[in-house]
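Architecture at a glance
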Amino acid sequence: GGINSSIVPTGYVAASSASVSNELNIGGQLIGSMDSSDRYTKFTGQVYTPTSTLTDGATITPDFTNGNVFTVTLAGNRTLANPTNPKNGATYIIIVKQDGTGSRTLAYGGNYKWEGGTAPTLSGANAVDILTFVSDGTNMYGTKAQNFS
C-alpha cells in the first residue's frame, strides 16, 4: 500500500497505511523515510527546533507549543512556572543566562522534579546553566549542566 499524507494546519505530517515504507518528501526534497511496520521515522540531515526566547519576569511560563529549546536571561530572582502544553515523551531544554549581577535564583513549579528531590542552584554572573527535561505529559524530570562562561 501507498502512503496517504497531508499537511495538518499545525504543521504535522499525518500518514496512514497498513504498512508504510516510503520516502518523505517536502517541497520535492527527500528529508526522510517512514516505516510503520517498525514504527520509526528516519530523517536525513539535522532535525531541530529553533530557540525561542522566554520573557523574563517575576514568573516565567514556558509554552511548549513554541518549541523544545528556550533561552532566558534572568534580571532578578524568578519562578519557572509549570509549563503549558508538555507532551509525553518529549525533551525540552531551557538555557538560563545570568545577567552581569548574577547569583539570581530560580524557583520551580510543582511539576518540576529533580534528581534527589533538590533543585539546582544556578551559577554566578554572566554564566549559563542548561536545564534539560523529559516530560511524562505532566511532570518535568530535570537534569542540569552548569556554569558555562
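Residues numbered from 1 in each chain as written. Predicted model: local features only at pLDDT ≥ 70, side-chain atom pairs only at ≥ 80, totals over all residues. Heavy atoms only, no water.

1. Observations concerning the overall build of the protein chain
If you tally the helices and strands in the protein chain, you get 0 helices and 14 strands. Scanning the protein chain from its N terminus toward the C terminus, one meets helices and strands in the order β-β-β-β-β-β-β-β-β-β-β-β-β-β. Classification of the 149 residues of the protein chain by burial places 32% in the buried group. Counted over contacts in the protein chain with a minimum sequence separation of 6, partners at least 24 positions apart contribute 42%. (Helix = DSSP H or I, 4+ residues; strand = E, 2+ residues; numbered from the N terminus. Buried < 20%, exposed > 50% of the residue type's maximum accessible area, 1.4 Å probe, protein only. Contact = heavy atoms within 4.5 Å.)

2. Some details on the pairing of strand β14 (residues 140-148)
Taken together, the 3 bridges between strand β12 (residues 112-114) and β14 define a ladder with parallel strand orientation. When the sheet's bridge partners are listed, W114 is paired in β14 with G142. Relative to β14, strand β13 (residues 128-135) is paired through 7 bridges, and the arrangement is antiparallel. By the bridge assignment for β14, S135 is matched with M140. Between β13 and β14, which follow one another and run antiparallel, lie 4 residues, and G137 among them has a positive phi close to 100°. (Pairing = 2+ DSSP bridges.)

3. What about the packing of aromatic side chains?
Per the stated rule, a full pass over the model turns up 6 aromatic pairs. Ring plane angle 65° and centroid distance 5.1 Å describe the contact between Y108 and W114, whose orientation is recorded as edge-to-face. Comparing Y108 with W114 shows no difference in burial state: the two are buried. Of the aromatic side chains, those joined through ring pairs into one cluster are Y108, Y112, W114 and F133. (Phe/Tyr/Trp six-rings, centres within 6.5 Å; stacked < 30°, edge-to-face > 60°.)

4. A short note on the nonpolar core
V96, L106 and Y108 are the most contacted members of the largest nonpolar core, which has 19 residues in total. Put simply, the parts of the chain that give this core at least two residues each are β8 (69-74), β10 (91-98), β11 (106-108), β12 and β13. In contact with L106, not counting residues within four places along its chain, are L74, R78, T79, L80, V96, L122 and L131. (Core = buried A, V, L, I, M, F, W, Y, C linked by side-chain atoms within 4.5 Å.)

5. Focus: the confidence of the model for the protein chain
Looking at the protein chain as a whole, its pLDDT mean stands at 86, while 85% of the residues score no less than 70. Confidence over residues 6-10 falls short of pLDDT 50; this stretch has 6 contacts with residues more than four positions distant or in other chains. (pLDDT = per-residue confidence, 0-100.)

6. Regarding the side chain of Q98
Along the chain, Q98 turns up in strand β10. A polar contact of 3.4 Å, which involves the side chain of Q98, links it to the backbone nitrogen of S103. With near-sequence residues (within four places) excluded, Q98 lies in contact with T73, L74, S103, R104, L122, S123, G124, A125, N126 and A127. (Polar contact = N/O pair within 3.5 Å; in protein donor to acceptor, adjacent residues only side chain to side chain.)

7. Quick look at unusual backbone geometry
The backbone of N126 shows a phi angle near 60°, a positive value even though the residue is not glycine. Take N126: it is sitting in the loop between β12 and β13. Judged by relative accessible area, which is 53%, N126 ranks as exposed. At N147, a position not held by glycine, the phi torsion is positive, near 65°. Mapped onto the secondary structure, N147 falls in strand β14.

8. Observations concerning the sheet that holds strand β9 (residues 78-80)
Pairing between the strands of a sheet comes from backbone hydrogen bonds, and it takes one of two forms, parallel or antiparallel. Read across the open sheet, the 3 strands follow the order β7-β9-β11; overall the sheet is parallel. Two strands lie at the open edges of the sheet, namely β7 (59-60) and β11, each paired on one side alone. With 3 bridges joining them, β9 and β11 adopt parallel strand pairing. Within the sheet, the bridge partner assigned to R78 lies in β11 and is L106.

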